[in-house]
Every structure is written in structure tokens, then in C-alpha cells.
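Chain by chain, the residues run as shown.
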Amino acid sequence: MPASMSSVTPLGTDEVVAKSRPMRRLLDVAARVAESDVTVLITGESGTGKERVAHFIHEHSSRGTGPLLAVNCGALPESLLESELFGHVRGAFTGAVSDKKGLFEAAAGGTLFLDEIGETSAAVQVKLLRALQEHSVRPVGATKDLPVDTRIIAATTRALEVMVQEKAFRKAV
């Protein structure tokens, strides 16, 4: 491989390869971020590889042997997204015939990738913020919180800083 190319770790059958200096810097930052357990926000235009970067961070982290689960927050209506993320208990709504584990719980010991986080409603944002701060979730219809040990990596094509200023997106404190 030429000296100008940096080959970084196999991801399944693919390899992340960076030729340009900005891409090598991005992978260096991603490798450093992977070493900690912080929540990560990846921004960029559609098709720029945000999900590939999320996979890279997960696989290079201490959670790399745990599950990596993904959900596109913009593809689901609010009520379904809430149930997918936090789970629900039997009888919580019509059709909830049994308890269902949410993605936060299912990704325990691993990573939950929240794609298009900028598309979430204010109500879901409140619950996500609580999950991030308290490391617990409350399934839909439940009366008790469940502890969760899940790293969050989120991505968006939206300008969240502008959305925060316009009060369309909650700012984490």
C-alpha cells in the first residue's frame, strides 16, 4: 500500500481506507473517541459515511464485541419510535400483547446508533435526554425505570446548532 494511504481496520469484509489528509484526521479523531465511552454526534450530508464512522467507533471501542443496533429516527412515527427505543409493557396500547424489550436494553454492553436524530419529536428528545443523563429508560406503559448500559452514537444531516437556537431541538446540558 502506498505511504500516502492509511489503511484502518477491517469492518466485516470492508476496510476503511483514507487517502486525503482530512479523512485521515477524521479517522484519527474517531479512533480517539472510540477509546472513551462518551456519546457521539456525527454530522454531515447524506451519503458522506456517517454510519461507517459509527461502525468504526463501535468496533474500535471497548464495546466492540457487544451489539451495534441502529434505528433511523426519521423513518418511524413518534409512537413507534418511542416503543422501539424504550420498549413497552403488555397492555400499554392496543396491540401490545406482550412485553417488548427496547433497543436501549437490547444494545446493553454495546452501542445504539440513532440515525437522523434531528428528525425526532420534542417528546422523544426529552426521553432520550433522560436516558443519556440517568442511564435508565422507562418502557411505554411501565411504572419503573430500567437501568441501561448502552453507548449512543447519533447522526444527522440537520444543523442542530440552528435547531437549538430556534428551540426545535433540545440542548443536552
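A quick note: this is a predicted structure, and the numbers were derived from the prediction, not measured. Counting of residues starts from 1 at the beginning of each chain's written sequence and follows it residue by residue. Totals for whole chains, interfaces and linings use every residue, but because this is a predicted model, local features are given only for residues with pLDDT of at least 70 and side-chain atom pairs only at 80 or more, for both listing and counting. With hydrogens and water stripped out, all remaining heavy atoms of the structure feed into the side-chain values.

Visitor: Please clarify how the packing of helix H1 (residues 21–34) against helix H2 (residues 50–59) should be interpreted in this entry.
Guide: What describes two packed helices is the angle between their axes and the distance between those same axes. Lines fitted to C-alpha atoms define the axes here, with helix axes fitted over just the stretch in contact, and angles between the N-to-C directions of these axes take values from 0 to 180 degrees. Numbering of helices and strands runs from the N terminus; a helix is a DSSP stretch of H or I covering at least four residues, while a strand is a stretch of E covering at least two. Two elements in contact, H1 and H2, have axes separated by 8 Å at closest approach and are oriented at 45 degrees. Classified by the angle their axes make, H1 and H2 are oblique. Along this stretch, H1 crosses H2, giving a crossing that reads as right-handed. Of the residues in H2, those in contact with Leu26, Leu27, Ala30, Ala31, Val33 and Ala34 of H1 are Val53, Phe56 and Ile57. All residues other than Ala, Val, Leu, Ile, Met, Phe, Trp, Tyr, Cys, Pro, Asp, Glu, Lys and Arg, Gly among them, are scored as polar; the first ten of these are nonpolar and the last four charged. Its residues assigned to classes, the contact of H1 with H2 comprises 9 nonpolar, no polar and no charged. When describing relative orientation, an angle under 35 degrees is termed roughly parallel and one over 145 degrees roughly antiparallel, while 65 to 115 degrees is termed roughly perpendicular and anything else oblique. Take the far helix as the reference: if the near one is turned anticlockwise from it by less than a right angle, the crossing is left-handed, and if turned clockwise, right-handed. The criterion used for residue contact is that any of the two residues' heavy atoms lie within 4.5 Å.

Visitor: Help me understand the sheet that holds strand E5 (residues 111–115), please; the structure alone is not making it clear to me.
Guide: Strand pairing in a sheet is mediated by backbone hydrogen bonds. Such pairs are either parallel or antiparallel. Two strands pair if DSSP finds at least two bridges between them. Taken together, the 4 strands give an open sheet; going across it, the order is E3-E8-E5-E4, and neighbouring strands pair in parallel fashion. Where the open sheet ends on each side, the last strands, each with one partner, are strand E3 (40–43) and strand E4 (68–72). Averaged over all neighbouring strand pairs, the angle between strand axes comes to 20 degrees, with direction disregarded. Examined bridge by bridge, E5 and strand E8 (residues 151–156) share 4 bridges and lie parallel to one another. If you follow Phe113 over to E8, its bridge partner there is Ile153.

Visitor: Quick question: what am I supposed to make of the layout of surface pockets here?
Guide: In this approach, a probe sized like a water molecule rolls over the atoms, and the result shows the empty space that is left. Using protein atoms alone on a 1 Å grid, points that fit a 1.4 Å probe yet trap it form a cavity, whereas open point sets bounded by protein on both sides within 12 Å along at least five of seven lines form a pocket; residues with an atom within 4 Å of a point count as lining. Grid points are joined across faces, edges and corners, and a volume is the space filled by probe spheres set on the points. The space that makes up the largest pocket amounts to roughly 370 Å³. For the largest pocket, the lining is made up of 19 residues, of which Ile117, Leu132, Phe169, Arg170 and Ala172 are closest to its centre. Among the secondary structure elements, those contributing two or more residues to the lining of the largest pocket are E3, helix H5 (122–134), E8 and helix H6 (160–165). If you tally residues by element for the lining of the largest pocket, the top one is H5, at 4 residues. Considering only residue class, the lining of the largest pocket consists of 14 nonpolar, 3 polar and 2 charged.

Visitor: I keep staring at the side chain of His88 and nothing clicks. Help me out?
Guide: Looking at where His88 falls in the secondary structure, it is placed in the loop between helix H3 (78–86) and helix H4 (103–106). Two N or O atoms count as a polar contact when they lie within 3.5 Å, although within protein this holds only if one can serve as hydrogen donor and the other as acceptor, and sequence-adjacent residues are included solely when both atoms are side-chain atoms. At 2.7 Å, the side chain of His88 and the side chain of Ser83 are in polar contact. When residues no more than four places from it in sequence are discounted, the contact partners of His88 are Ser83, Phe93, Ala96, Ser98, Asp99, Lys100, Pro139 and Val140.

Visitor: Is there a simple way to think about the environment of Asp115 in this case?
Guide: Note that Asp115 resides in strand E5. A sequence separation of 31 residues divides Asp115 from Leu146, and the C-alpha atoms of the two residues are 23 Å apart. Leaving out residues up to four positions away in the same chain, Asp115 has contacts with Val71, Asn72, Cys73, Gly74 and Ala155.

Visitor: Just to check I follow, could you spell out the pattern of salt bridges for this structure?
Guide: A pair can form between side chains of opposite charge whenever their charged atoms are brought close. Basic side-chain nitrogens of Lys or Arg form a salt bridge, by our definition, when they fall within 4 Å of a carboxyl oxygen of Asp or Glu. Tallied over the entire structure, the rule returns 7 salt bridges. Put simply, Arg63 and Asp37 hold a salt bridge, and the shortest N to O gap is 2.8 Å. Of this pair, Arg63 sits in the loop between H2 and E4 while Asp37 sits in the loop between H1 and E3, placing them 26 residues apart in sequence. Asp37 gets classed as partly exposed once you look at its relative accessible area, which sits at 44%. In this structure, the salt-bridge partner of Asp145 is Arg130, at a minimum N-O distance of 3.3 Å. Taken as a pair, Asp145 in the loop between strand E6 (136–137) and strand E7 (146–147) and Arg130 in helix H5 lie far apart in primary sequence, 15 residues in all. Here's how the labels work: a residue is buried when its accessible area is under 20% of the maximum for its type, exposed when over 50%, partly exposed in between, all with a 1.4 Å probe on protein chains only. In this structure Arg130 comes out as partly exposed when scored by relative accessible area, which is 44%. It is possible to trace a salt-bridge network through shared partners that takes in Asp37, Arg63 and Asp149.

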